[in-house]
Amino acid sequence: MAHIDEAALPEGVTLGRGHGDLPVLRIETPAARAEVYLLGATVTEWTPAGADPVIWVSEQALFRTGTGIRGGIPLCAPWFGPGLSKDKKPTHGWFRTAEWALADAESGADGVTLRFTLDGADADVPDGEPADIRGEYVVTVGTTLTTSLTVTAGADGLELEDAMHTYFAVSDVREVTVTGLDGARYFDKAPGGRAVNAQSGDVTFTRETDRVYQSTGPVGILDPGKKRRITLTKDGSASTVVWNPWTAKAADMADFGDDEWPSMLCVETANALAGHVTLEAGASHTTTATLSLEAL
Ligand code: TA6
C-alpha cells in the first residue's frame, strides 16, 4: 500500500482496516458518512445525515485483494463486461481489482474530497493489455456524492469503455421506478433480450433486467418504500446501465445472497458498447456522476 500521511488527512477522515483487513478510508462529517476501500477505490458507503444508506453491499461480498467487491461503486475500466472484443478478462477490466493510491484529501464547501490515482505500471494488468493506461478518481462526500473517473490512454491510444457500477440500496426493487429513460434506445443483455429496443415510459422491474441505455441525461430512482427519490446526474457518460439479477442470477453468484436481489438496484454511469470513447495516444476522458436525495 502506498504511504498515506494520516496526519495530513482532513478532520473527519481516518485510515483504518475494514473487512478482510483491507485498508479503508472512513469519512464522518456533519453532512454524511462514507467509506472508500483502496481496493478498486471502491466507495462502499454513502449515508447523508438523517438518511438511510444509499449504497448497497452484499452480505456475501468478498473483501479480498485482486477481487472486485460485490456492491458499492465498483470502477469498470478500461473495458465493460467482456469488452468490445467480447473476450477480455477480468470482466469489467482491471481498474476495480487494482489497489489505488490516495493522492490527496481536503475539506471544502461541498464536503470532503479524496483524490485517488492508479498507474497501470503498478497494477496487475493482464498479459497483452497495455500497462501505460492511468486512472484518476475524485470522490466528494457531502450532502451529495460526486464521483469523477478520468482515464488516460497510453501510447497506443484506447477504445475506452468505463462505468461507475453503482449498487443502490432500495426497499424492494419490485416497487421501484426509474425515470428519465423514456424513448432511449437500449441493448438488452438479459437472457432472450434483443440488441435494439426503445424504452417506453419509466423502467419497472418484474424479471432479470440488464440493459445498456444510450442516454446522457439524469435519471431518478423512485423508492416509495424508503419514501425517497435518488437523482443521478452525469457528465461525460453516453450510457446508463440498469441491472437487477433477479432470482436465478442471484443464486448463481457466490458473493451475492440468494435472497438479496430485491434490496438492490444497479444504475450505472457508463460509456459502454456503442457508447464507448475513442482516445488518441495520451488523451483522457472524464466521466462524472452526482447523487442527491429528496423525500417523496
Ligand atoms: O452492469 C451489469 C453487468 O454487466 C451484468 O451483466 C452483470 O454481469 C453485472 O454487471 C455484474 O458483473 P460482475 O462481473 O461484477 O459479476
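Everything below is about the structure shown above.
Residues numbered from 1 in each chain as written. Predicted model: local features only at pLDDT ≥ 70, side-chain atom pairs only at ≥ 80, totals over all residues. Heavy atoms only, no water.

Further remarks concern the sheet that holds strand 1 (residues 13-17). Strand order across the open sheet formed by 4 strands is 1-2-3-4, with antiparallel pairing between neighbours. Unpaired on one side and paired on the other, strand 1 and strand 4 (42-48) mark the two borders of the sheet. The sheet shows a mean angle of 15 degrees between the axes of neighbouring strands, taken without regard to direction. As paired elements, strand 1 and strand 2 (residues 23-28) share 5 bridges and run antiparallel to each other. Pairing of Arg 17 across the sheet is with Pro 23, part of strand 2. (Pairing = 2+ DSSP bridges. Helix = DSSP H or I, 4+ residues; strand = E, 2+ residues; numbered from the N terminus. Axes fitted to C-alpha atoms, helices over the stretch in contact; angles between N-to-C directions.)

Let us look at the environment of Ala 195. Note on placement: Ala 195 falls in the loop between strand 14 (185-188) and strand 15 (197-198). Its relative accessible area of 45% is what places Ala 195 among the partly exposed residues. Other than its neighbours up to four places away in sequence, Ala 195 contacts Tyr 186, Phe 187 and Asp 188. (Buried < 20%, exposed > 50% of the residue type's maximum accessible area, 1.4 Å probe, protein only. Contact = heavy atoms within 4.5 Å.)

Our next topic: the pattern of salt bridges. This structure, assessed with the given rule, holds 10 salt bridges. The partner of Lys 88 in a salt bridge is Glu 129, and the shortest N-O contact between them spans 2.7 Å. Placement of the pair is Lys 88 in the loop between strand 5 (75-76) and strand 6 (101-108) and Glu 129 in the loop between strand 7 (111-119) and strand 8 (134-141), with a sequence separation of 41 residues. Asp 172 is the partner of Arg 174 in a salt bridge, and the nearest nitrogen-oxygen pair spans 2.9 Å. For Arg 174, a relative accessible area of 44% corresponds to the partly exposed category. The network of salt bridges with shared partners includes Asp 104, Arg 115 and Glu 136. (Salt bridge = Lys/Arg side-chain N within 4 Å of Asp/Glu carboxyl O.)

Here we come to the nonpolar core. The biggest cluster of nonpolar side chains holds 75 residues, and the ones touching the most others in it are Leu 114, Phe 116, Tyr 137 and Leu 265. Beyond its immediate chain neighbours, meaning those up to four positions away, Phe 116 contacts Leu 25, Val 36, Leu 38, Ala 41, Trp 100, Ala 101, Leu 102, Ala 103, Gly 135, Glu 136, Tyr 137 and Val 139. (Core = buried A, V, L, I, M, F, W, Y, C linked by side-chain atoms within 4.5 Å.)

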